Structures are given as C-alpha cells and as structure tokens.
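What the coordinates show
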Amino acid sequence: MLYRVCYCDKFSVTSVRYNGEERLIAYYKDPIVIRKSFYPLPFRYFSDYSLNHNTVVLLFAEVVLDKALSGFFVFNKGMIACVAESVEEGAKRRKVYKKIGLCVGEDCKSPFTCELLRGEAETIVCATAKPLAKEDYGLMLAYKTLIPVPTLFVFSDCIYFINKRIIEQKENEIFQIESTLSVHNLKKGQESVVVIES
C-alpha cells in the first residue's frame, strides 16, 4: 500500500491534493468544533477526497463537543467508516480498520497495543497531538524490537516509520508499507479489539 502523510489546518485543508496514494494520513492542526446540524469542512473535504480518488483517508484531529477529544476519523468511499479514540481518554476498545491498527495519543505507550496484532493489524499508525520528546526515541526503539509489524508514528512536528529500521519521513512523501507477518495464530483474544471490515 502507498501511504502519504500531510499536515493541514483550516487555511490549507482545501489545498491538499491527490498524489497517487492509496492511504492518506491527514494531520489536522486546528481543533474542529462539532455542532449538531453542522458537518465541518475538514470532514466534508476528506469525505469527497476519499470518494473521488478511491483513497482511504485517516484524518487525525482534535474535536470539540462538550469536551475536547483526539482521534482518527477514517473516510472510505465518501463516508465515515470508523472513528478511533484514545482508550486512555475513555474509548472502550482499540480499533483495526482494513488491517490498520489505529493508536491515538498516549495509547502507543500501553502494553495493550499488542491487542491490535490480535485484531490482525498488518500496520500500526500512532498519532499524537504532541511534538516528539526525548522519551519517544526509547518508545520507537521498543516498537522496532518488540512489534513485528510496520509502525508509523505521526507527531505534531515530525513523522517516523519503523520497519526493522527507524526512518524519518518527509511530509507529502509517498512511501510503501507492506507487511509480511502472518498473524493468524494470534487470533485468540480478538474480542478485546474492534475489527472493522470494509
């Protein structure tokens, strides 16, 4: 699968253009205020984007309802197919969508991230609203050593891809993520993860 990560905000969201990626990870920097009868511009734009380009869009954003929450909003074929929030902030289950394990905020520091493997995740995408910190290097080394699937870390200021090596990625650069791991024997215990099929 071809992936691309882009950063955008309320002034630049409509300037995100298709570059041939199959999966777009859009990191939205501004909080999105949700009102009852209002479908926010980033949702409308990436909904259309996913439909027009046959691309799965993973929009990472902070939304404001009665409180502020960070999460992934996954758009496929013009619809919101999945919402993944942080388990630390109150979500009941971790989520896997189309073999992508979605990890939000500080959840990547939890040993229970391995539940995503039991949900047959072939790739893990971790996004946080914080910039890269010193302790995150140790975390990425742990993922490199212990997690047998490719992992993408998207911080507010940089992107790192881990697959036997730790590689810093550039924004808007298309890269390929392929997993050769067979996780069928890890299926026991899958009830702790929500697996969303297409």
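For clarity, every value in this text was computed on a predicted model and none was experimentally measured. (Residues numbered from 1 in each chain as written. Predicted model: local features only at pLDDT ≥ 70, side-chain atom pairs only at ≥ 80, totals over all residues. Heavy atoms only, no water.)

Glancing now at the environment of serine 156. Within the secondary structure, serine 156 sits in the loop between β10 (151-154) and β11 (159-162). With relative accessibility at 25%, the residue serine 156 sits in the partly exposed group. When the C-alpha atoms of serine 156 and alanine 84 are compared, they prove to be 18 Å apart, with 72 residues separating the residues in sequence. Apart from the residues within four sequence positions on either side, serine 156 is in contact with Tyr7, Tyr27, Thr128, Ala129, Lys130 and Pro131. (Helix = DSSP H or I, 4+ residues; strand = E, 2+ residues; numbered from the N terminus. Buried < 20%, exposed > 50% of the residue type's maximum accessible area, 1.4 Å probe, protein only. Contact = heavy atoms within 4.5 Å.)

A word on the pairing of β10. Burial along β10 is two-sided: Thr151 and Phe153 and Leu152 and Val154, pointing in opposite directions, are all buried. The pairing of strand β9 (residues 123-127) with β10 spans four bridges and is classified as parallel. Opposite valine 125, over in β10, you have leucine 152 as the bridge partner. With helix α3 (residues 134-146) bridging β9 and its parallel neighbour β10, the resulting β-α-β unit is right-handed. Summarising the sheet, β10 and β11 pair through four bridges and their orientation is antiparallel. Its bridge partner lying in β11, phenylalanine 153 is registered against tyrosine 160. (Pairing = 2+ DSSP bridges. Right-handed = clockwise from strand over helix to strand, strands pointing away.)

Turning next to helix α1 (residues 41-53). Spanning 13 residues, α1 covers 18 Å between terminal C-alpha atoms, matching the ideal 18 Å at 1.5 Å per step. Listed in full, the buried residues belonging to α1 are Pro42, Phe43, Tyr45, Phe46, Ser47, Tyr49 and Ser50. At its buried positions, α1 is contacted by β1 (2-8), β2 (23-28), β3 (32-33), β4 (56-64), β5 (68-76) and β6 (79-85). Within two residues after α1, asparagine 54 carries a phi angle of roughly 50°, on the positive side. (Expected span 1.5 Å × (residues − 1).)

Formed by 25 residues in total, the largest nonpolar core has its most connected members in Ile25, Leu58, Phe72, Leu102, Leu152 and Val154. Not counting residues up to four positions away in its chain, the partners in contact with leucine 102 are Leu58, Phe72, Val74, Cys82, Ala84, Lys95, Tyr97, Leu116 and Val125. (Core = buried A, V, L, I, M, F, W, Y, C linked by side-chain atoms within 4.5 Å.)

So, about the environment of phenylalanine 161. Relative to the helices and strands, phenylalanine 161 is located in strand β11. Accessibility expressed as a relative area gives 8% for phenylalanine 161, which makes it buried. Separated by 32 residues in the primary sequence, phenylalanine 161 and valine 193 place their C-alpha atoms 23 Å from one another. Excluding anything up to four places from it in sequence, phenylalanine 161 contacts Pro150, Thr151, Leu152, Ile166, Ile167, Gln169, Gln176 and Ile177.

Before going further, it helps to spend a moment on the pairing of strand β8 (residues 100-104). Of all the five residues making up β8, five are buried; the element is thus mostly covered by neighbouring parts of the structure. Neither face of β8 is open: one carries Ile100, Leu102 and Val104, the other Gly101 and Cys103, and all of them are buried. Counted along the chain from strand β7 (residues 94-97) to the antiparallel partner β8, the turn is two residues long, and its residue lysine 98 has a positive phi close to 50°. Where β8 meets β9, five bridges bridge the pair, whose relative direction is parallel. Bridged to glycine 101 within β9 is isoleucine 124.

These figures come from the coordinates and say nothing about function on their own.
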